[in-house]
Amino acid sequence: MAPTEEAGGGGGGKGPQPSSRGRQIPIVCPGHTRPLAELSFCTVEETKGEERTFLVSACHDKMPMLRDAKTGDWIGTFAGHKGAVWSCRLDPLGLLAGTASGDFSVKIWDAITGSSLYTYPHKHIVKTLDFSPDSKYIATGGHEGLLRIFDLRNEKEEEPILKLKQNEDKAVTITKCNWLDINTVLAACSDGIIRYWNVDPKSTSEQRLIGTLKVDADVRDMELSKDYKILTVAAGTKVDFFDVEKKSLLYSHQMPIHFREEGGASLHPDGKKFVAGGSDLWVRVFDYETGKELECHKGHHGPVRCVRYAPDGKTYATGSEDGTIRLWKTDP
C-alpha cells in the first residue's frame, strides 16, 4: 500500500515540522562517546512477581551498556571488546548478555555481574547476534556471510554446531538475525534477501533454507513483533511489513529519510503505528496501515541510528550518531 501524501517530512517541501501534539522533552541517557549501533529491550520477572524492563545498547565506543528502561539510569558496562560493538542482546531470562563486535568476536556475559563468560572468535566483523527462545543457543552473522549457531551449554567449544552460507555466488553481509522459533532463524542480508533457516541439528542440508523475503535494498534493520506474526524491515528508503507465516508483504511505506548508512524502524506492540529514524535528526511516528506521519520530534544532534519500542509500548528509545540515547513517551 502506498503511503499518503501527508507521510514524509511534514509535506509541501518545507522540511520536517514539529509534532502537532506539542514538543516532547525526552529523557537523555549520556555515557556513550561514539555513534550508537543497536538498542534492545528485555522484560524479566523479578521477586514477588514484579516485572522490570532493561535496555541494552551497542555502540562504536566498544562499551555496550545496560540501563533501567524506565528511568534510563545506567546499571553497568560490558567492558572487554577491542572494536566497535554492532549488536547487544539480553537472553529471554535476562541472565545473559551477548555482544557482536568489529574485533571479529562475539562475547557472552553474565548480565548480573557484568563478567565475561566466554568468547566466540570469528574471521571478520560480526554485525548481529540473537539468543534462541530457550536461551540454549545463539545465532551470529556479519561480513563473512555465514550464519553461525553456537551451543551455549558447551561453553568450552569455540566452534559452531552449524554454519550456513547465505549466498553461494557472491559475498554478502548478514546485517540482522532473529530467532523465529526454537528451530528457525531469520537472517537479513546486504543483498536485500531475508532467509528463513531451519537450524534443527537433526535436519539435512537439503532442508535448511525454507523460505525467503525480498526488499529493494540492503536490510538495515529487522524486528519481529511481540507475537512473532509481523516482521518490520527498514531498507533503502522504505519500511516494509511482512506476514511472517505467509511470507507475504502486508504494507510498504516510502519514508522521508533513508536507511543506507544506519537507522531503523519499530512497530508498536498494539500494531497500529511505528517509529522510524535514519538519515536526519528527526524521530517520526507513522500510521501502520496508511504510512501517514503522526508525530515528528527533534532532540538528537546527529542522524538517528537505531529505534525500539519498549515491550509495554509506553515508551520508545532512539540512539544517535551523537552518542546519546533518548527515551520518548508514546502518549505524552
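Look up a bit, the structure's there.
Residues numbered from 1 in each chain as written. Predicted model: local features only at pLDDT ≥ 70, side-chain atom pairs only at ≥ 80, totals over all residues. Heavy atoms only, no water.

1. Overview of unusual backbone geometry
Note the following rule: Secondary structure elements are taken from DSSP: a helix is a run of H or I of four residues or more, a strand is a run of E of two residues or more, and numbering for both begins at the N terminus. Throughout, exposure labels follow a simple rule: accessible area from a 1.4 Å probe, protein chains only, divided by the maximum for the residue type, with under 20% read as buried, over 50% as exposed, and the rest as partly exposed.
The phi angle at Ser135 is positive, at roughly 65°, despite the residue not being glycine. With respect to the element layout, Ser135 can be found in the loop between strand E10 (126-131) and strand E11 (137-142). The phi dihedral of Lys247 is positive, around 55°, even though this residue is not glycine. Relative to the assigned elements, Lys247 resides in the loop between strand E20 (238-243) and strand E21 (248-254). What makes Lys247 partly exposed here is its relative accessible area of 34%.

2. With respect to empty space enclosed by the protein
Operational definition: The pocket and cavity definitions rest on a 1 Å grid over protein atoms only: a 1.4 Å probe that fits but cannot leave marks a cavity, an open set with protein on both sides within 12 Å along at least five of seven lines marks a pocket, and residues lining either have an atom within 4 Å of a point. Grid points are joined across faces, edges and corners, and a volume is the space filled by probe spheres set on the points. Residues are sorted three ways: Asp, Glu, Lys and Arg are charged, Ala, Val, Leu, Ile, Met, Phe, Trp, Tyr, Cys and Pro are nonpolar, and all the rest, Gly among them, are polar.
The tally for this structure, following the rule as stated, stands at two cavities of 30 Å³ or more. In this model, the largest cavity occupies a volume close to 140 Å³. Around the largest cavity sit 16 residues that line it, and Ala37, Thr175, Lys176, Arg220 and Glu262 are the ones nearest its centre. Those elements giving two or more residues to the lining of the largest cavity turn out to be strand E2 (36-45), strand E14 (174-181), strand E18 (219-224) and strand E26 (304-309). In terms of residue count, the dominant contributor to the lining of the largest cavity is E26 (four residues). Partitioned by chemical class, the residues of the lining of the largest cavity number five nonpolar, three polar and eight charged. Put simply, the second largest cavity is a space of about 30 Å³. What lines the second largest cavity is simply His122, Ile125, Val126, Gly141, Gly142, His143, Glu144, Leu146 and Arg148. Listing elements by their share of the lining of the second largest cavity, those giving two or more residues are E11 and strand E12 (146-151).

3. Here's the deal with the sheet that holds E26
Just so we agree on the cut-off: Strands are treated as partners if at least two bridges between them are detected by DSSP. Note on geometry: axes are lines fitted to C-alpha atoms, helical ones only across the stretch in contact, with angles between N-to-C directions running from 0 to 180 degrees.
Spatially, E1-E28-E27-E26 is the arrangement adopted by the four strands of the open sheet, whose pairing is antiparallel. Edge positions in the open sheet fall to strand E1 (27-29) and E26, since each of these has one partner strand only. Between one strand and the next, the sheet's axes are offset by a mean angle of 20°, whatever the strand orientation. Strand direction decides the pairing type here: E1 and strand E28 (residues 325-329), joined by three bridges, are antiparallel. Among the inter-strand pairings, Ile27 is bridged to a residue of E28, identified as Leu327.

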